[in-house]
Amino acid sequence: MDRNRELTSEKADGVASRAGGPSGLLIDAYREARQALRAELEHHPGYADLRQRLGLLHLALGEWPEAQASFEEALGIHPGYRAAYYGLRASLLLQGALDPRDEPNPPGDAPQTDEALWREIDRAYRDEASGKSPEPEGQALPGLVRSHYAAAFAARRGDAAAARRHLLEASRESPTSARILAEAGLLRPEDEEIGDGALEALRSLLWLPFAEELYGYIGRTYAAGGMRAEAMASFDRAYLVRPSGAALACRQAEAAAHFGEEDRVLSLLREAVAAEPGYARARIALGFECAAQGYHDEGREQLEEALRLAPGYADVRYNLGLLRLENGREEQALELFRSALGLNPSYVPARHSMASLLCRLNRHEEGLQEYERLLRQGFQSADMLVHMGRAALALGRADEALQYLERAGFLNPDAPAAFYYLGVVYKAKGLRRKAQCAWRRYLETSSGWEPLPEPGPGGAIGPCSGPAV
Amino acid sequence: MAAGDFAISAKVHRLLKRRWLRAEQLQVGVTEGVVLLRGRLGAEAAGVDLDDPAVRGRFLGRLRRDLLSVSGVTEVVLDVGGAEDGGGRWIGTGS
């Protein structure tokens, strides 16, 4: 597909032909996105991020009042949501409903990483609203962002020469920008001016840095529909409004994964890390991808580095804990699980793995306490209840074990381990008939299972090791 | 036996990405081969209506089969709302 034509001719409603599909089959990613977001909001009205995304979608479609309403709703749910705050200001400025002299005063105490950039773009919109020529050239903007946005605001006021000058700056500064601008037909070095089509294409983009999230979502929608070229063009739009080569490569990797291009996924993620070594999300994605493809050392290195860059990511701590466990470093694993829970006490997998490890280390009482915490959090599974039953057995508390195991058997009547241990407890309590029933059920459900290991030590009644559920 | 839980976790993360699921909103865990997914099930792309009960049921059924096909996985616990299969194997705490 001609990328140039695609980017510059896509209407605001985003209708494009489905590549390789039946003739005339169309996909309207923006309409699909709108429907999907509304449907999701019907079921989850309290999710501020969905309202934020819908607000951005309205902004991209020029629906200012609807955008305003969505951002206000997002802020109503999460008053400290700063991207929603700046989105609301943009929607008000574009409607002429905000005094351009009104400086931003965002809610909450924690500035976002990109906040200086958002503030500078806000100033450019205010300048535009007050009739000045906005030149987003403040010190807060990195060079490439400054060039992109200076070109955008020049295009918005119809200054083709200035727009071209700034696009040339961007093109000189970044090969990725040069590639995208050339492929999109926005900048041809041989032309002295950029054409009306290119100006219109520049104007049609939603020039807010956090709009990259919307263009990413639209791109993934195209990719999910099998429309690779349209997906890539949307990812390019995300790059234009927030020029991060690493984020672009990560999005391209997601699409490559969808299209089954395993080698390309790895090379794109490595490219992302090389482009922005401090981008933790890229390292996490590369870490999992490497580990999944068998490159264990590289996977470990990437996750270790991600943890150094972003120590607040509980999931990275948890996964490094699993890795330590595989390497036989149980105490380090416990420490990582604990630290993950310190960051997020509701992190169920970390508590689950920690409880299991404590039991494996014969620290049954501690393990049982962690499992009990999970029950109090509203989580239960047959697997977990069997582990609890085994721990209670190891502690010689048959009645307690019985409660857990009966509950496990009720939750999953096909869980062989639940019935095996139920048989053990029933027999120990002299309930022979019940024990026979339980073991019969165990035999019915355990076909293909490994033979039971020898009973472990410590239990007054029965084994503390056995098959998985 | 905990061996392989990290490798399984990596493959599960990869699988979720390929299904366009928002991994950031899900807690993903593996304990002795048992995969646990907990949290909000949302799609990263429009067009997959995971709130439609029928679509969601089919999607979760496929997801569970795919997860069980990962080497080393012995069981899958989906605590994502609407994941009950009638047999009690999965549990759902509601959305």
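In this text, all values refer to a predicted model and were calculated from it rather than measured experimentally.

Draft legend 1. Representation of the overall build of chain A in the model. Check the secondary structure of chain A and you find 24 helices and 2 strands. Taken across its 469 residues, chain A has 54% of its residues classed as buried. For chain A, the proportion of contacts with a sequence separation of at least 24, taken over those separated by at least 6, is 53%.

Draft legend 2. Main features of the overall build of chain B. Along chain B, the regular secondary structure elements total 2 helices and 3 strands. Along the chain direction, N to C, the helices and strands of chain B fall in the order α-β-β-α-β. Expressed as a percentage of the 95 residues in chain B, the buried residues total 62%. Residue pairs at least 24 apart in sequence account for 46% of intrachain contacts in chain B once pairs closer than 6 positions are excluded. Summed over its atoms, the accessible surface of chain B is roughly 3,400 Å², and 50% of this surface lies on carbon and sulfur atoms.

Draft legend 3. Here's a closer look at the sheet that holds strand β1 (residues 26-31) of chain B. Taken together, the 3 strands give an open sheet; going across it, the order is β1-β2-β3 (chain B), and neighbouring strands pair in mixed fashion. On the outer flanks of this sheet lie β1 and β3 (75-79) of chain B, each paired with one strand and no other. In this sheet, neighbouring strand axes are inclined to one another by 10 degrees on average, regardless of whether the strands run parallel or antiparallel. In the sheet, β1(B) pairs with strand β2 (residues 34-39) of chain B via 6 bridges, with the strands oriented antiparallel. Considered in β2(B), the bridge of B:Q27 is made with B:R38. Against the sheet, helix α19 (residues 348-360) of chain A engages β1 and β2 of chain B, with an angle of about 15 degrees to β1(B).

Draft legend 4. Spatial organisation of the pattern of salt bridges. For the coordinates displayed, the defined rule picks out 48 salt bridges over all chains. Across the salt bridge formed by A:E40 and B:R22, the nearest N and O atoms sit 3.2 Å from each other. Taken together, the residues span two chains, with A:E40 in helix α2 (residues 29-43) and B:R22 in the loop between α1 (5-18) and β1. On the accessibility criterion, B:R22 (3% relative accessible area) is buried. In this structure, A:R89 engages A:D122 in a salt bridge whose closest nitrogen and oxygen atoms are separated by 2.6 Å.

Draft legend 5. Layout of the pairing of β2(B). Residues and elements named next belong to chain B. Counting buried positions along β2 yields 5 of 6 residues, so the element is predominantly enclosed. Two successive antiparallel strands, β1 and β2, enclose a turn made up of 2 residues, where E32 displays a positive phi of approximately 50 degrees. Where β2 and β3 come together, 5 bridges link them in parallel fashion. Bridge pairing links L36 to V77 in β3. With helix α2 (residues 53-68) bridging β2 and its parallel neighbour β3, the resulting β-α-β unit is right-handed.

Draft legend 6. Representation of the packing of helix α7 (residues 143-156) of chain A against helix α8 (residues 160-173) of chain A in the model. Residues and elements named next belong to chain A. Direction vectors running N to C along α7 and α8 enclose 160 degrees, while the axes themselves pass 8 Å from each other. Considered as vectors, α7 and α8 are oriented roughly antiparallel to each other. Relative to α8, the crossing made by α7 is left-handed. Contact with α7, carried on its side by G143, L144, S147, H148, A150, A151, A154 and A155, involves A162, A163, H166, L167, E169, A170 and E173 of α8 and no other residues of that element. Residues belonging to the contact of α7 with α8 are distributed by class as follows: 9 nonpolar, 4 polar and 2 charged.

Draft legend 7. Molecular detail of the UniProt feature "repeat: TPR" (unreviewed entry) in chain A. When the UniProt feature table is mapped onto this chain, "repeat: TPR" (unreviewed entry) is found at residues 48-81, 212-245, 314-347 and 382-415 of chain A. The annotated region residues 314-347 of chain A carries 79% helix and 0% strand content, and the separation between its end C-alpha atoms amounts to 8 Å.

Draft legend 8. Structural context of the nonpolar core. Residue and element names in this part refer to chain A. Judged by nonpolar contacts, the single largest core of 82 residues is most densely connected at L57, L186, I194, W207 and L208. Not counting residues within four places of it along the chain, the set of residues in contact with L57 comprises Y30, A33, R34, L37, L214 and I218. Core analysis: the next-biggest nonpolar cluster, separate from the first, contains 39 residues, M388, L393, A417 and Y442 among them.

Draft legend 9. Quick peek at the packing of aromatic side chains. Residue and element names in this part refer to chain A. Tallying each qualifying case throughout the model produces 9 aromatic pairs over all chains. Consider the rings of Y125 and F153, whose centres lie 4.9 Å apart with planes at 75 degrees: the pair is edge-to-face. With Y125 in helix α6 (residues 115-129) and F153 in helix α7, the pair connects residues that are 28 residues apart, well separated along the chain. Between Y318 and Y347, the aromatic rings sit 5.6 Å apart at their centres with planes inclined by 70 degrees, giving edge-to-face as the arrangement. One end of the pair, Y318, is in helix α17 (residues 314-326); the other, Y347, is in the loop between α18 (330-343) and α19, with 29 residues separating them in the sequence. Here the aromatic residues Y85, Y86, W118 and F210 are joined through ring pairs into a cluster of three or more. Above the face of the Y217 ring, R53 is positioned so that its terminal group lies 4.0 Å from the ring centre.

Draft legend 10. Highlighting the interface of chain A and chain B. The interface of chain A with chain B comprises 56 residues on the first partner and 44 residues on the second. Of the roughly 4,300 Å² buried between chain A and chain B on both sides combined, carbon and sulfur atoms contribute 55%. The three residues of chain A that bury the most area against chain B are A:F288, A:A292 and A:E326, which together make up 12% of that side's buried surface. Where chain A packs against chain B, one counts 10 salt bridges.

Definitions and limits used
Residues numbered from 1 in each chain as written. Chains lettered and ligands numbered in written order. Predicted model: local features only at pLDDT ≥ 70, side-chain atom pairs only at ≥ 80, totals over all residues. Heavy atoms only, no water. Helix = DSSP H or I, 4+ residues; strand = E, 2+ residues; numbered from the N terminus. Buried < 20%, exposed > 50% of the residue type's maximum accessible area, 1.4 Å probe, protein only. Contact = heavy atoms within 4.5 Å. Areas by Shrake-Rupley, 256 points an atom, 1.4 Å probe, with all protein chains shown as cover. Pairing = 2+ DSSP bridges. Axes fitted to C-alpha atoms, helices over the stretch in contact; angles between N-to-C directions. Salt bridge = Lys/Arg side-chain N within 4 Å of Asp/Glu carboxyl O. Right-handed = clockwise from strand over helix to strand, strands pointing away. Parallel < 35°, antiparallel > 145°, perpendicular 65-115°, else oblique. Left-handed = near helix turned anticlockwise from the far one by under 90°. Nonpolar A, V, L, I, M, F, W, Y, C, P; charged D, E, K, R; others polar. UniProt positions renumbered as here; feature names shortened; annotations may be inferred. Core = buried A, V, L, I, M, F, W, Y, C linked by side-chain atoms within 4.5 Å. Phe/Tyr/Trp six-rings, centres within 6.5 Å; stacked < 30°, edge-to-face > 60°. Lys NZ or Arg CZ within 6 Å of the ring centre and 35° of its normal. Buried area = accessible area lost by both parts, 1.4 Å probe.

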